[in-house]
Amino acid sequence: MSDELLVTRDGAVLQVTFNRPAQRNAMSWQMYDGLVAACEAAEADDDIRVMVLRGAGNDAFVAGTDIAQFADFTSGDDGVAYEQKIEAVLERLETTKVPTVAAISGYCVGAGIALAAACDIRVSTVTGRFGVPVARTLGNCLAMNTYSLLVFHLGPARAKDMLLRARLFSAQEAHAAGFVAELCEVDELDATVAGVVQRLVQHAPLTMWASKEAVRRLRLANLPDGDDLVRAVFGSDDFRHGVRAFLDKTPHNWTGH
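Predicted model, so just to flag it, every value in this text is computed and none were measured. (Residues numbered from 1 in each chain as written. Predicted model: local features only at pLDDT ≥ 70, side-chain atom pairs only at ≥ 80, totals over all residues. Heavy atoms only, no water.)

Q: How should I be thinking about the pairing of strand β2 (residues 13-18) in this particular structure?
A: Note on strand geometry: in a regular strand, side chains alternate between the two faces of the sheet. The buried fraction of β2 is high, at 6 of 6 residues. Burial along β2 is two-sided: Val13, Gln15 and Thr17 facing one way and Leu14, Val16 and Phe18 facing the other are all buried. One ladder, built from 6 bridges, connects strand β1 (residues 5-10) with β2; its direction is antiparallel. Note that in β2 the partner of aspartate 10 across the bridge is valine 13. The antiparallel hairpin formed by β1 and β2 contains 2 residues in its connecting segment, where glycine 11 sits at a positive phi of about 65°. (Buried < 20%, exposed > 50% of the residue type's maximum accessible area, 1.4 Å probe, protein only. Helix = DSSP H or I, 4+ residues; strand = E, 2+ residues; numbered from the N terminus. Pairing = 2+ DSSP bridges.)

Q: What is the right way to look at the state of the cysteines in this model?
A: As used in these notes, a disulfide is a covalent bond between sulfur atoms, one from each of two cysteines. Applying the stated criterion across every chain yields a total of 0 disulfides. This cysteine, cysteine 119, is not joined by any disulfide, and cysteine 39 carries the nearest cysteine sulfur, 8.3 Å off. With no disulfide of its own, cysteine 141 lies 19 Å from the sulfur of cysteine 108, the closest cysteine sulfur. Among the residues examined, cysteine 141 registers a relative accessible area of 7% and is labelled buried. (Disulfide = S-S within 2.5 Å.)

Q: Would you explain the packing of helix α2 (residues 76-94) against helix α3 (residues 111-118) in this entry?
A: Working note: a packed helix pair is described by the angle between its axes plus the distance between those axes. Where α2 contacts α3, the axes come no closer than 8 Å and their chain directions differ by 30°. Between α2 and α3, the crossing angle belongs to the class labelled roughly parallel. Of the two possible hands of crossing, α2 and α3 adopt the one that is right-handed. Along the contact surface, α2 presents Val89, Leu90, Leu93 and Glu94, while α3 presents Ala114, Leu115 and Ala118. Grouping the amino acids of the contact of α2 with α3 by side-chain chemistry returns 6 nonpolar, no polar and 1 charged. (Axes fitted to C-alpha atoms, helices over the stretch in contact; angles between N-to-C directions. Parallel < 35°, antiparallel > 145°, perpendicular 65-115°, else oblique. Left-handed = near helix turned anticlockwise from the far one by under 90°. Contact = heavy atoms within 4.5 Å. Nonpolar A, V, L, I, M, F, W, Y, C, P; charged D, E, K, R; others polar.)

Q: Help me out: how do you make sense of the sheet that holds strand β6 (residues 107-109) in this one?
A: Strand pairing in a sheet is mediated by backbone hydrogen bonds. Such pairs are either parallel or antiparallel. The strand order β4-β6-β8-β9 describes an open sheet built from 4 strands, whose pairing is mixed. Each end of this open sheet is capped by a strand with a single partner; those strands are β4 (60-63) and β9 (169-170). Here β4 runs beside β6; their pairing, made up of 3 bridges, is parallel. If you follow alanine 60 over to β6, its bridge partner there is tyrosine 107. Against the sheet, α3 engages β4, β6 and β8 (129-131), with an angle of about 85° to β6.

Q: Help me understand the pairing of strand β3 (residues 50-55) in this model?
A: For β3, the buried fraction is high: 6 of the 6 residues fall into the buried class. Burial of β3 is two-sided: the residues Val50, Val52 and Arg54 facing one way and the residues Met51, Leu53 and Gly55 facing the other way are all buried. Pairing analysis gives 6 bridges linking β2 to β3, with the strands arranged parallel. Opposite valine 16, over in β3, you have leucine 53 as the bridge partner. Where β3 meets strand β5 (residues 100-104), 4 bridges bridge the pair, whose relative direction is parallel. From the neighbouring strand, arginine 54 faces β5, where its bridge partner is alanine 103.

The following block contains the structure:
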């Protein structure tokens, strides 16, 4: 695909690697587009039975979207367009017919936790850190679909704790919540993921597809619109100044405007 997103085939498994380790694998627009293409490639080949997503190195799965891409936002409509793009990527990942496994080590935050939540199974090392700390970093918000993913997997109490206190859950907490299916040491990640994959490739593809699609439809039943929330927050002075302060590494005081 590109140097930033590596896609390789290993037998019946399509391996997708987010490859910006110096930026903790923060997502660029090109990486998002490449992930969509990888999902389509997985479906186009009947011999592909599982897709695995991972981050390059051990420091991060994905540490959100590259913040520099927010610097050109001028209105709340830019935020709506961005969240719609992210929602389309998450939908393509979630609806991929083959089972998807997120192999996580280190930071899995912002867009990273959304991508992991859109996968079917999550395996994490003990160094995994999960959250959406935008209440203390950028001052933006999520699309309704992404909120739904977090609430669906974590429950409303844990989701609000994560979002309002802007704290990162440890791998142990994520495992206890059921978000992480398998927990392992850093040097055991490949072997643990391989064990999960080995079981998946032996199972009936249509049965697994029907199961994951049924769960997705249940999650999306009666999902309300949230563009008004996104437009208000991304169009705020707090967000505009928050992005600049984040990029400049300077303090910022929130005003609520």
